[in-house]
Amino acid sequence: MNEQYELNGTTIASSINSSNSPVEGKGEEFHSYTWTITPEQAKERLDKRVHESLGMDISRTQIQMWIKDGHVLVNGAAVKSNYKCAAGDVVELAMPEPESVDIVAEDIPLDVYYEDSDVIVINKPRGLVVHPAPGHTSGTVVNALMYHCKDLSGINGELRPGIVHRIDKDTSGLLMAAKNDKAHVSLADQLKAHTVLRKYMALVHGNIPHDQGTIDAPIGRDEQDRKMYTVTERNSKHAVTHFKVLERFGDATMVELQLETGRTHQIRVHMKYIGHPLVGDPMYSRGTRGLKMNGQALHAQTLGFVHPVSGETLQFQAPLPDDMEELLKSIRNR
């Protein structure tokens, strides 16, 4: 296996890279996409290839439903989700019009940092789930946004209207959402092109000896526990995280992290991989002794992107939440 862990320009191992082919929009129809399968993508499952090429925060299950309903064609014909792609195949996706969203709008307070007719940026508190899931359709950011905004993009279907990207339930910080489909596509394209600025603050276990570094290691599901992710070569995606040490406490380190890619649990998995899991992480810090916190000490502090309509560059910064500030204060006063 060829992972990379680079510190201060020193490569400790070689890297694995997986690439996505670009998706081309059809004129003004931003609900329709077409792309051609490359030789490198041959023999991949169709649902996997559509999911990766689309590059939006849309579940693979949703894509499988689109394939089943005939919204995805290969060389003009309907096929099954497990169809093995061949080099030169032309894949077409016509996103269906969103169904009516049967989720109750709830008057949940939102810390709004920016809002206009196209996009909204909020500072999500720790403990709040971003979007509903089957069997859990209330008390989420989406429920709050539906009450506050009234209008949200429908690309992500019934359960995730407006959601372009996510942060974990027990991670706090800045999150952007789209109010219409055109804005959604623009923001999703920026995420895919890695032009969205996303910086996080985190407190991790142990003393990181290097002042800065880059973790370049692919992430996929943990075959032993499907709820978790891990650095792996099997069925993984390219993932890159940059870090910079801000403060050392001996048994813990405060770091700033910048995402180059945005994989599920990326920071949490990468920091565990280099031996410095996040303080309070209920999944990836198991067995770690010492400092504790209710949820991982991770905060999405900085978010920057180009406005999908005006073209203006926007950047926002949210201060550390009270629980992280209190933890840092107690450490400094030891």
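Preceding block: the structure.
Residues numbered from 1 in each chain as written. Predicted model: local features only at pLDDT ≥ 70, side-chain atom pairs only at ≥ 80, totals over all residues. Heavy atoms only, no water.

*Asks:* Break down the overall build of the protein for me, with residues and values.
*Replies:* From N to C terminus, the protein includes six helices and 18 strands. Every one of the 334 residues in the protein was classed for burial, and the buried ones make up 50%. Counting only contacts in the protein whose residues sit at least 6 apart along the sequence, the fraction spanning at least 24 positions is 66%. Accessible surface, the protein: about 15,700 Å² in total, of which carbon and sulfur atoms supply 47%. (Helix = DSSP H or I, 4+ residues; strand = E, 2+ residues; numbered from the N terminus. Buried < 20%, exposed > 50% of the residue type's maximum accessible area, 1.4 Å probe, protein only. Contact = heavy atoms within 4.5 Å. Areas by Shrake-Rupley, 256 points an atom, 1.4 Å probe, with all protein chains shown as cover.)

*Asks:* An account of the nonpolar core is needed here, citing residue identities and associated values.
*Replies:* One recurring pattern in soluble globular proteins: nonpolar side chains tend to sit buried together. Within the largest apolar cluster, 31 residues are counted, with the highest numbers of intra-cluster contacts made by Leu145, Tyr200, Leu257, Ile267 and Met271. Sorting the residues of this core by element identifies β9 (119-124), α3 (141-149), β10 (172-178), β11 (197-205), β15 (240-248), β16 (252-259), α5 (266-273) and β17 (298-306) as the ones contributing at least two each. Broken down by element, this core gets its largest block of residues, five residues, from α3. (Core = buried A, V, L, I, M, F, W, Y, C linked by side-chain atoms within 4.5 Å.)

*Asks:* How would you explain the packing of aromatic side chains if you had to name every residue and give the values?
*Replies:* Under the criterion given, the structure shown has two aromatic pairs. With a centroid separation of 5.6 Å and an interplanar angle of 40 degrees, the aromatic rings of Tyr114 and Phe316 are classed as tilted. Of the two residues, Tyr114 sits in strand β8 (residues 112-115) while Phe316 sits in strand β18 (residues 313-317), which places them 202 residues apart along the sequence. We classify Tyr114 as partly exposed; its relative accessible area is 22%. By relative accessible area, Phe316 is classed as buried at 12%. Seen from their ring centres, Phe305 and Phe316 are 6.3 Å apart, and the 40 degrees between their planes marks the pair as tilted. In this pair, Phe305 sits in strand β17 while Phe316 sits in strand β18, placing the two residues eleven residues apart along the sequence. By relative accessible area, which is 1% here, Phe305 ends up buried. Among the aromatic side chains, those forming a connected cluster through ring pairs are Tyr114, Phe305 and Phe316. (Phe/Tyr/Trp six-rings, centres within 6.5 Å; stacked < 30°, edge-to-face > 60°.)

*Asks:* Help me get a handle on helix α1 (residues 46-54), residues and values and all.
*Replies:* Side chains of residues three or four places apart in an α-helix project in the same direction, reflecting 3.6 residues per turn. Most of α1 sits out of view: nine of its nine residues are buried. Along α1, the residues classified as buried are Leu46, Asp47, Lys48, Arg49, Val50, His51, Glu52, Ser53 and Leu54. Immediately beyond the C-terminal end of α1, within one or two residues, lies Gly55, with a positive phi of roughly 70 degrees.

*Asks:* Residues and numbers for the environment of Thr230, please.
*Replies:* Looking at where Thr230 falls in the secondary structure, it is placed in strand β14 (residues 225-231). Judged by relative accessible area, Thr230 falls into the partly exposed class, the value being 26%. Linking Thr230 and Val269, residues 39 residues apart in sequence, is a C-alpha distance of 5.9 Å.

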